[in-house]
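Results of the structural survey
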Amino acid sequence: ELKVEQNPLFLSMQEGKNYTIYCNYSTTSDRLYWYRQDPGKSLESLFVLLSNGAVKQEGRLMASLDTKARLSTLHITAAVHDLSATYFCAVALKAAGNKLTFGGGTRVLVKP
Amino acid sequence: NAGVTQTPKFRILKIGQSMTLQCTQDMNHNYMYWYRQDPGMGLKLIYYSVGAGITDKGEVPNGYNVSRSTTEDFPLRLELAAPSQTSVYFCASTQDGRPQHFGDGTRLSIL
C-alpha cells in the first residue's frame with residue numbers, strides 16, 4: 001500500500017525567510033504532484049515531477065524530486081503573505097489508473 | 001471550457017436519505033475520480049474510472065456507488081447517508097498523466 005507523508009503539518013513563516021516542506025512516499029511511483037489549496041477552495045496544480053533529479057520552479061516556489069530517497073521537497077524562497085495556503089503532495093501510479101495518493105497536507109501561514 | 005463542474009455546491013441530508021453528487025467534465029478526459037476531504041485532512045480516493053463503462057474502488061468506497069455511462073459524466077451515489085459521510089467531495093479528471101483538474105467541491109452535511 002502506497003503511503004505518503006508530509007512534514008511539517010503546520011508551518012508558521014515570517015515574511016522574507018526561506019522554508020522547506022518535505023514529502024516522503026513508500027513505494028516507487030511514476031509521478032509526484034504538488035497542489036495548493038486555499039481555505040474553502042478547490043485544489044490548484046503547482047508542479048508535476050516525473051524523474052529523479054527533476055526540479056521545477058515558479059516564482060518563489062521550487063519543487064524537487066529524489067526518487068532514490070523517495071523524497072520530494074517544496075522550497076519557499078522569501079515567503080510572502082500570498083503564499084499562505086495548504087500545500088499537498090500526491091503520488092500517482094500509472095499502472096493503477098493514475099489515481100493519486102495524497103499526503104496529509106502542510107498548512108502554511110505567512111506572518112508579516 | 002468549464003473544466004470540471006460539480007453540483008450541488010452545498011447539501012444537508014438527514015441520516016438514511018439518499019442523493020447523487022453530479023460531476024461532469026468537458027475536456028474529453030478518460031480518467032475521472034471522486035475524493036473526499038475531511039476537515040484538516042488530505043484527500044482520500046473513493047472511486048475512479050479509466051473510461052466509460054469502467055469503474056473501480058479506491059481507498060474508501062464503502063457507502064458509495066458510481067457509474068460511468070459517458071465520458072463526460074461520473075456521478076457519485078450515497079444510498080443511506082450516515083454522519084460519517086459528512087465531508088467535502090471533490091471530483092477530478094485527467095488525461096495522459098497530466099495534473100488532475102479538480103471541481104469546486106460539494107460540501108455535504110448529514111444530520
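Overview of the structure. (Residues numbered from 1 in each chain as written. Chains lettered and ligands numbered in written order. Predicted model: local features only at pLDDT ≥ 70, side-chain atom pairs only at ≥ 80, totals over all residues. Heavy atoms only, no water.)

So, on to the overall build of chain A. A count of helical and extended segments in chain A gives 0 helices and 11 strands. Starting at the N terminus, the α and β elements of chain A follow one another as β-β-β-β-β-β-β-β-β-β-β. Over its C-alpha atoms chain A spans a radius of gyration of 13 Å, differing by no more than 12% from the 13 Å that the globule rule assigns to 112 residues. Based on the C-alpha atoms only, the size of chain A along its principal axes is roughly 45 × 30 × 20 Å. Counting every position in chain A, which comprises 112 residues, the buried fraction comes to 45%. Once local pairs closer than 6 in sequence are excluded, the contacts in chain A between residues at least 24 apart make up 54%. (Helix = DSSP H or I, 4+ residues; strand = E, 2+ residues; numbered from the N terminus. Rg over C-alpha atoms; globule rule 2.2 N^0.38 Å. Buried < 20%, exposed > 50% of the residue type's maximum accessible area, 1.4 Å probe, protein only. Contact = heavy atoms within 4.5 Å.)

Attention now goes to the packing of aromatic side chains. With the rule as written, the count across this model stands at 11 aromatic pairs over all chains. Both rings, one in Tyr33(A) and one in Tyr35(A), keep their centres 6.3 Å apart while their planes meet at 35 degrees; by these two values the pair is tilted. For the pair Tyr33(A) and Tyr35(A), one class covers both residues: buried. A centroid spacing of 5.6 Å and a plane angle of 85 degrees characterise the contact between Phe102(A) and Tyr35(B), whose relative ring orientation is edge-to-face. Residue Phe102(A) is located in strand E10 (residues 100–102), and its partner Tyr35(B) is located in strand E4 (residues 31–37); the two belong to separate chains. Pair check on accessibility: Phe102(A) and Tyr35(B) agree, each one buried. Cation over ring: Arg68(B) sits above Phe74(B), and NZ or CZ is 5.9 Å from the ring centre. (Phe/Tyr/Trp six-rings, centres within 6.5 Å; stacked < 30°, edge-to-face > 60°. Lys NZ or Arg CZ within 6 Å of the ring centre and 35° of its normal.)

Our focus in this paragraph is the pairing of strand E6 (residues 55–58) of chain A. Residues and elements named next belong to chain A. Inspection of the sheet shows E6 paired to strand E7 (residues 61–66) by 4 bridges, in the antiparallel sense. Pairing of Gln57 across the sheet is with Met62, part of E7. Counting the residues that bridge the hairpin from E6 to E7 gives 2 residues, and of these Gly59 lies at a positive phi of roughly 60 degrees. (Pairing = 2+ DSSP bridges.)

Within the secondary structure layout, Gln100(B) lies in the loop between strand E9 (87–94) and strand E10 (101–102). When its relative accessible area of 4% is taken as the criterion, Gln100(B) is described as buried. A distance of 3.2 Å separates a polar atom in the side chain of Gln100(B) from the backbone oxygen of Asn98(A). (Polar contact = N/O pair within 3.5 Å; in protein donor to acceptor, adjacent residues only side chain to side chain.)

With that out of the way, let us pick up the sheet that holds E7(A). All names here are of chain A. One open sheet accounts for 5 strands, arranged E1-E3-E8-E7-E6; its pairing is antiparallel. Whereas interior strands pair on both sides, the edge strands pair on one side only; in this sheet they are strand E1 (4–7) and E6. When strand polarity is set aside, the average angle formed by the axes of neighbouring strands in this sheet is 15 degrees. In the sheet, E1 pairs with strand E3 (residues 19–25) via 4 bridges, with the strands oriented antiparallel. What sits directly across from Glu5, in E3, is Asn24. (Axes fitted to C-alpha atoms, helices over the stretch in contact; angles between N-to-C directions.)

This next bit is on the state of the cysteines. Tallying each qualifying case throughout the model produces 2 disulfides over all chains. Between Cys23(A) and Cys89(A) runs a disulfide, and the two sulfur atoms are separated by 2.0 Å. Disulfide Cys23(A)-Cys89(A): torsion about the S-S bond near 80 degrees, hence right-handed. Note that Cys23(A) is positioned in strand E3 and Cys89(A) in strand E9 (residues 85–92), a separation of 66 residues in sequence. Comparing Cys23(A) with Cys89(A) shows no difference in burial state: the two are buried. The disulfide partner of Cys23(B) is Cys91(B), and the gap between their sulfur atoms is 1.9 Å. Its torsion about the S-S bond being -70 degrees, the disulfide of Cys23(B) and Cys91(B) is classed as left-handed. Placement of Cys23(B) in strand E3 (residues 19–25) and of Cys91(B) in strand E9 is noted, with a sequence separation of 68 residues between them. Given a relative accessible area of 1%, Cys23(B) falls into the buried group. (Disulfide = S-S within 2.5 Å.)

Turning to the pattern of salt bridges, a few remarks are in order. All names here are of chain B. All told, the structure shown has 3 salt bridges over all chains when counted by the stated rule. Arg36 is the salt-bridge partner of Asp38, the closest N and O atoms lying 2.9 Å from each other. Judged by its relative accessible area of 25%, Asp38 falls in the partly exposed class. A salt bridge links Glu79 to Arg77; the nearest nitrogen and oxygen atoms lie 3.2 Å apart. Judged by its relative accessible area of 36%, Glu79 falls in the partly exposed class. Overall, Arg77 belongs to the partly exposed group, its relative accessible area being 31%. (Salt bridge = Lys/Arg side-chain N within 4 Å of Asp/Glu carboxyl O.)

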